[in-house]
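Below, each chain spelled out in residue letters.
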Amino acid sequence: MTSNDDASERGHPAPPGTQKVAESTSSTTPELFFDLVFVFAFVQVTTLVTNEFTVHGIVNGLLVLAILWWAWSISVWVANRVRADFGLTRAAVLAVTAVLFLLAISTREAFEDEPGGVKGPLVFATCYVAVRVFMLALRWYALPEMTVQDLVVLTLPLLGGGSLLFGAALVPHRVFDIEWQANLAQTAFWGAAVIVDFGLGMALPARRRVLSARHWAERHGLIVLVALGESIIAIGLSSLDVPISWWLLWASALGLVVAAALEWLYFDVVALAGEQSLRRCPPVRRVDLARDGYTYLHLPMIAGIILYAVGLKEVITDAHGGTRAWTVDGLELYTLYGGVVLFLLTHIAFQLRITEILRTIIWPRLAAVVILVALIPFTDGGHALAALGQLAVCCVGLVVVEVIVANGQREQLREAILMHRATEESGMGTGWSHPADM
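First, a word on what this report is: a plain description of the structure on this page.

Below, the discussion takes up the environment of Ala-259. Following the sequence through the fold, Ala-259 ends up in helix H10 (residues 246-280). As a C-alpha pair, Ala-259 and Ile-305 span 46 residues in sequence and 8.4 Å in three-dimensional space. If we ignore the near neighbours within four places in the chain, the residues touching Ala-259 are Leu-228, Ser-231 and Tyr-308.

Spelled out as structure tokens, the structure:
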């Protein structure tokens, strides 16, 4: 955003019922309530994939996840400019949350309509467009510096992506008589919708700002936590129809250990380093870092967690009372290990793009990726507990290595961010100083 844009924004007071975000703003309760819907939405995505546990089903699930992610990301861009817990904005966010919940309910039938009731794919497309329209209207009202050109630029991806989703719901099964051809055409419509939304949504010259680095990093951290929570829910749901046994208990414990290790790998230092990098850069560069490091790179991070949850759910579902013949192979193994590999690779890309802090932990993560990929051929067809145990040992080992390698920098980073937040909250200023050796 240019200095002229800054001056234009300062010249517009906040409209009635709204309040602009400050650098010290953190996540608000309406936003947390909004994110709670995504707990259910992520469960729906894993259900969609496990109902058709094939490569095609996984692709469809990831496409649905991408659309849901885009709806969530737009809400974060808006909430980083105008507070979600103030007056009219709060009411608008709660209204969007209600529509978003309907969108989450329809996720399981986003591709294939079940007999009876309304047409699921049409409900999904309608709710998605409604969420986008709500967000666009809120942005138009709450940010008076927006011009007609800005509104046109923001409307084009909505029209393009929304039209393609409606096309996916109406066209393929009317044009193709053969089921697999109709299914592939439907997937192609969805893929095009994702490309249009993501491509036009960020490529077109709309004016954007990230007013609070703390709020921005905190919201993305919360959605990562929501996804990790879904992996825990996957353990619980998949064990409902399986008799309690020592096999099941061990598998559940190992699955939780892996999820806990992923939580540590994200929140221990990476989340803090990303926030500090946003704080340190000028407003013009901050938008680029926020877009690349968070809006784009956090999607494959979430996808990795969801894939791990799908693989874990499939493995535990097969534990019928526990048996020495309980094996893991094929797609189960690739989603289980591949999800963690995707999570770690995205972390590496995130650190390379957004932060110079703690580059020392990139190599241990890359080594863990190599080890997990190398283990797949030897694990394929092996006992499920052995596969989960190897994955847990690798993830916990990575945590231990990172703590040893970056311990001094970890402490300095925590001290720096605590000092900065204390300064913001006391109103003493917004500057940031960091140790010279970081």
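Before going further, it helps to spend a moment on the environment of Ser-26. One can find Ser-26 in the loop between helix H1 (3-10) and helix H2 (29-51). In this structure, the C-alpha to C-alpha distance between Ser-26 and Trp-216, residues 190 residues apart in sequence, is 8.2 Å. Those residues within four positions of Ser-26 in sequence are excluded, and the remaining contacts are Glu-31, Arg-214, His-215 and Glu-218.

The subject of this paragraph is the packing of aromatic side chains. Geometry of an aromatic ring pair is reported as the spacing of the ring centres plus the angle between the planes. According to the stated counting rule, one finds 13 aromatic pairs in the structure shown. Taking 6.4 Å as the distance between ring centres and 80° as the angle between the ring planes, the aromatic pair formed by Trp-216 and Tyr-294 counts as edge-to-face. Here the residue Trp-216 occupies a position in helix H9 (residues 213-238), and Tyr-294 occupies one in helix H11 (residues 283-296), the gap between them amounting to 78 residues. Considered together, Trp-216 and Tyr-294 belong to a single accessibility category, that of buried residues. A connected cluster of aromatic rings, assembled from ring pairs, spans Trp-77, Trp-216, Tyr-294 and Phe-350.

Turning our eyes to something else, we now look at the pattern of salt bridges. For the coordinates displayed, the defined rule picks out eleven salt bridges. Close ionic contact of Arg-219 with Glu-31 constitutes a salt bridge, the shortest N to O distance being 2.6 Å. Of this pair, Arg-219 sits in helix H9 while Glu-31 sits in helix H2, and the two are 188 residues apart along the sequence. Just as Arg-219 is buried, Glu-31 falls in that class too. Among the salt bridges present, the one from Arg-132 reaches Asp-197, with a minimum N-O distance of 3.0 Å.

Reading the values: the criteria
Residues numbered from 1 in each chain as written. Predicted model: local features only at pLDDT ≥ 70, side-chain atom pairs only at ≥ 80, totals over all residues. Heavy atoms only, no water. Helix = DSSP H or I, 4+ residues; strand = E, 2+ residues; numbered from the N terminus. Contact = heavy atoms within 4.5 Å. Phe/Tyr/Trp six-rings, centres within 6.5 Å; stacked < 30°, edge-to-face > 60°. Buried < 20%, exposed > 50% of the residue type's maximum accessible area, 1.4 Å probe, protein only. Salt bridge = Lys/Arg side-chain N within 4 Å of Asp/Glu carboxyl O.

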